[in-house]
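# Structural features, examined
Here are the chains, one letter per residue:
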Amino acid sequence: MITLLIQDTTKALQDTANAVNQAVTQPQPELHFIDLLFKGGWVMIPLAFLAFLALIIFVERYLTIKKATKDESNLMGQIRSYIQSGNLDGAMSLLKNNNSPLSRMLQKGLKRIGRPIKDIEGAIENVGKLEVSKLEKNISILGIVAGIAPMLGFVGTIVGVITIFHQVSIKGAIEIGTISGGLYTKMITSATGLIIGIIAYVLYHILNIMVEKIILKMETDAIDFIDLLEEPGK
């Protein structure tokens, strides 16, 4: 009797060991990144659109702002030389050929030479505001994307939870297979929304920092230009 019991126990242990070995040695299906994204459900579509929109806006604005930040260290020195020598046409020609936000701002001031300084300052300030608004065009959309993307990820979380409860109500039991689909939707959309939001937030501030540097340069050169016009003998 004892021998028979031992044999049965040994056989059961062997069967268990064989089953474990088969489970370990059996190749597991690979989980690709694209497949993982598809498990996020329909919420991934607007998230993908937001990511594409943020990328397009950043590249376009970055190139535009980078073009506007070209080296103009000698521009004010040349303008000073032209004005001091009375060659206003030469100064105007130089500014037209430069074609930058700063040069367009100084052009407006140069055209107002002979009028009161207040009028010249007002003209320069108005053009400066217009140029800055052109540089800041669509940058605010990045800030909107940074706020909306995590919210959409949260919507995906709610959809995932609803899916879990729906499957449980149908099958009447809580099993891993029952809740895994909803968990995929919940976790993938939340992570994707947060990642897109963080990236858009960083890109938004990168562009703002670049624009602020241009504004500082324009304000400094505008002050130098006004001081130049107010020098004795001008």
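Look above for the structure.
The following refers to the structure shown.

## Remarks on the environment of Glu60
Along the chain, Glu60 turns up in helix α3 (residues 44-68). Given a relative accessible area of 35%, Glu60 falls into the partly exposed group.

## Let's talk about α3
For α3, built from 25 residues, the straight-helix expectation of 36 Å at 1.5 Å per residue is met to within 8% by its first-to-last C-alpha distance of 36 Å. Within α3, the full set of buried residues consists of Met44, Leu47, Leu50, Ala54, Ile57, Phe58, Arg61, Ile65 and Ala68.

## Thoughts on unusual backbone geometry
A positive phi angle, near 70°, is found at Asn138, a position not held by glycine. Along the chain, Asn138 falls in the loop between α7 (117-135) and α8 (139-171). A relative accessible area of 32% places Asn138 in the partly exposed class.

## Details of the packing of helix α6 (residues 101-111) against α7
It is at 8 Å that the axes of α6 and α7 come closest, and there the two elements cross at 155°. Considering the angle they form, α6 stands roughly antiparallel to α7. Here α6 and α7 pass one another in a crossing that is right-handed. For the pair α6 and α7, the contacting residues are Pro101, Arg104, Met105, Lys108 and Gly109 in the first and Ile120, Ala123, Ile124, Val127, Gly128 and Glu131 in the second. Of the residues that constitute the contact of α6 with α7, the class distribution is six nonpolar, two polar and three charged.

Cut-offs and rules
Residues numbered from 1 in each chain as written. Predicted model: local features only at pLDDT ≥ 70, side-chain atom pairs only at ≥ 80, totals over all residues. Heavy atoms only, no water. Helix = DSSP H or I, 4+ residues; strand = E, 2+ residues; numbered from the N terminus. Buried < 20%, exposed > 50% of the residue type's maximum accessible area, 1.4 Å probe, protein only. Expected span 1.5 Å × (residues − 1). Axes fitted to C-alpha atoms, helices over the stretch in contact; angles between N-to-C directions. Parallel < 35°, antiparallel > 145°, perpendicular 65-115°, else oblique. Left-handed = near helix turned anticlockwise from the far one by under 90°. Contact = heavy atoms within 4.5 Å. Nonpolar A, V, L, I, M, F, W, Y, C, P; charged D, E, K, R; others polar.

Just distances and angles here, no functional claims.
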